[in-house]
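Notes for the structure review
The primary structure of each chain is shown beneath.
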Amino acid sequence: VGVVMFFAISGYLVMQSRLRTDNVIQFAWRRALRIFPALWLLVLVSVFVAGPLLSRFSVVEYFSSPTTYTYLRTLFLQNNSPILPGVFENNPLQPGFNGSLWTLPIEAKCYLALALFGLAHQRWMKLALVASAAILAAIIVFHITRGAFRVNYFASDSYSVGKLVSPFLFGAVVAAWRLERWLSPRLFAVLSLFGLTLCLVTEGALTFMWSLVALAIGGLALALGLRNDRLLSRLSPKSDYSYGLYLYAFPVQQALIAAYPAISPWMLIAATTAITLTFAMLSWHVVEQPFLALKSTPSLRIAFHTPSTRLVATAFAALLVSTGAYGAW
């Protein structure tokens, strides 16, 4: 549910960014600044710090395993081998060191799609967006009615596309056509509850109805988030720890379960929240915020020529080029 909400909000905000940015390269640069720095730190810490400490193998055996270095493909949004040797092998949820990361490639492809749409005139970009939403809706309806569900689209199976890309496209359409005033929290709340109830009472409905439920939940998140609510405004933190929470929560949970197999769900949630929030705060203040400062420069040229940002921008660009080269290879 949280990831669905994230994709809806992301579609709305990223589409606004795309409409403000005529330069496709500048748009891609800003999206990369949001995804990669924190991800790269997470993967390096996972492989070279957490892995050796948590593995049942010796340090020599751990670093002698090809699986250790295969995991580094996660640096390039290729999470096909999410296992570290000897880590969390006896946990109930297998396999996977960080199961959350499977959504990042889909998110990046959504960014890429908006970048490609932006190559056209703004009017055509909006039409392409609506056409994509219509095609996706047709795919979802086809799977609900025919039951042929596990078909690959967008380099991901249709289940993942339906439940994640559809909220992203919904948010993007709302931003592109300025439909905020038509979003009703009550309507989307009713639709969400109706869909969830149908999934609970009808056998097998969860698999086929979840795409529509995800759309309703995404709409509810946007409708609530766009309200001018003073209480919500006061509760909103100035720093954005959401990405760090997303990145670190899964391995922290796995580590706690490995250390304390009998831990209760509530204790697990409380401990995970406290530990993960610490990592998220460090990620934000040490990595994410300094790199995101590069987004505020009017152009890439200024980012590379300002003395205070030149070193960071150059290092990030070099890593980004190597990431693209490896991904293409």
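A brief structural summary.

Description of the overall build of the protein
- If you tally the helices and strands in the protein, you get 14 helices and two strands.
- Sorting the 329 residues of the protein into buried and exposed places 42% on the buried side.
- Partitioning the contacts of the protein with sequence separation of at least 6, the portion at a separation of at least 24 is 72%.
- Split by element, the accessible area of the protein, about 18,000 Å² in all, is 68% carbon and sulfur.

Focus: the nonpolar core
- Among the nonpolar cores identified, the biggest contains 69 residues, and Met15, Phe36, Leu39, Leu114, Leu129 and Leu247 are the most heavily contacted of them.
- Apart from residues no more than four positions distant in its own chain, Phe36 is found in contact with Leu75, Leu77, Phe316, Leu320 and Thr323.

Details of the packing of aromatic side chains
- Taken as a whole and assessed by the stated rule, the structure comprises 13 aromatic pairs.
- Taken together, a centroid distance of 5.7 Å and an interplanar angle of 45 degrees make the contact between Trp40 and Phe316 tilted. Within this pair, whereas Trp40 is found in helix α2 (residues 24-54), its partner Phe316 is found in helix α14 (residues 307-328), the two being separated by 276 residues in sequence.
- Assessed through its relative accessible area of 9%, Trp40 is described here as buried.
- Relative accessible area serves as the criterion here: at 1%, Phe316 is assigned to the buried category.
- When the ring of Tyr62 is compared with that of Phe63, the centres are 4.9 Å apart and the planes differ by 85 degrees; the resulting orientation is edge-to-face.
- According to the relative accessible area criterion, Tyr62 is buried, its value standing at 0%.
- Of the residues examined, Phe63 reaches a relative accessible area of 25% and is grouped as partly exposed.
- Taken together, Trp29, Phe36, Trp40, Phe291 and Phe316 form an aromatic cluster joined through their ring pairs.
- Over the face of the ring belonging to Phe27 we find Arg18, whose NZ or CZ atom lies 5.2 Å from the ring centre.

Regarding the packing of α2 against helix α5 (residues 103-117)
- Where α2 meets α5, the closest approach of the two axes is 10 Å, and the angle between their N-to-C directions is 170 degrees. What the angle tells us is that α2 and α5 run roughly antiparallel. Within the contact between the two elements, α2 uses Val24, Phe27, Arg31, Ile35 and Leu39 and α5 uses Leu104, Ala108, Tyr111, Leu114 and Ala115.
- Residues belonging to the contact of α2 with α5 are distributed by class as follows: nine nonpolar, no polar and one charged.

Examining a nonpolar patch on the surface
- Together, Leu41, Leu44, Val45, Phe48, Val49, Leu53, Leu54 and Tyr69 give the surface a local cluster of nonpolar side chains, amounting to about 690 Å² of exposed area.
- With seven residues, α2 is the single largest residue contributor to the nonpolar patch.
- What makes Leu41 partly exposed here is its relative accessible area of 32%.

A few points about the pattern of salt bridges
- Taken as a whole and assessed by the stated rule, the structure comprises three salt bridges.
- Salt-bridge contacts for Arg34 lead to Glu288; the nearest nitrogen and oxygen are separated by 3.0 Å. One end of the pair, Arg34, is in helix α2; the other, Glu288, is in helix α12 (residues 265-292), with 254 residues separating them in the sequence. Across the pair, exposure class does not vary: Arg34 and Glu288 are buried alike.

Comments concerning the side chain of Arg31
- Tracing the backbone through its elements, the reader meets Arg31 in helix α2.
- Excluding residues within four positions of it along the chain, Arg31 makes contact with Val14, Ser17, Tyr111 and Lys295.

A short note on the environment of Gly195
- With respect to the secondary-structure elements, Gly195 resides in helix α8 (residues 185-201).
- With relative accessibility at 5%, the residue Gly195 sits in the buried group.
- Once the C-alpha coordinates of Gly195 and Trp210 are considered, the two residues, 15 residues apart in sequence, prove to be 7.8 Å apart.

The rules we used
- Residues numbered from 1 in each chain as written.
- Predicted model: local features only at pLDDT ≥ 70, side-chain atom pairs only at ≥ 80, totals over all residues.
- Heavy atoms only, no water.
- Helix = DSSP H or I, 4+ residues; strand = E, 2+ residues; numbered from the N terminus.
- Buried < 20%, exposed > 50% of the residue type's maximum accessible area, 1.4 Å probe, protein only.
- Contact = heavy atoms within 4.5 Å.
- Areas by Shrake-Rupley, 256 points an atom, 1.4 Å probe, with all protein chains shown as cover.
- Core = buried A, V, L, I, M, F, W, Y, C linked by side-chain atoms within 4.5 Å.
- Phe/Tyr/Trp six-rings, centres within 6.5 Å; stacked < 30°, edge-to-face > 60°.
- Lys NZ or Arg CZ within 6 Å of the ring centre and 35° of its normal.
- Axes fitted to C-alpha atoms, helices over the stretch in contact; angles between N-to-C directions.
- Parallel < 35°, antiparallel > 145°, perpendicular 65-115°, else oblique.
- Nonpolar A, V, L, I, M, F, W, Y, C, P; charged D, E, K, R; others polar.
- Patch = residues over 30% accessible without salt bridge, like charges linked within 9 Å, V, L, I, M, F, W, Y side chains within 5 Å.
- Salt bridge = Lys/Arg side-chain N within 4 Å of Asp/Glu carboxyl O.

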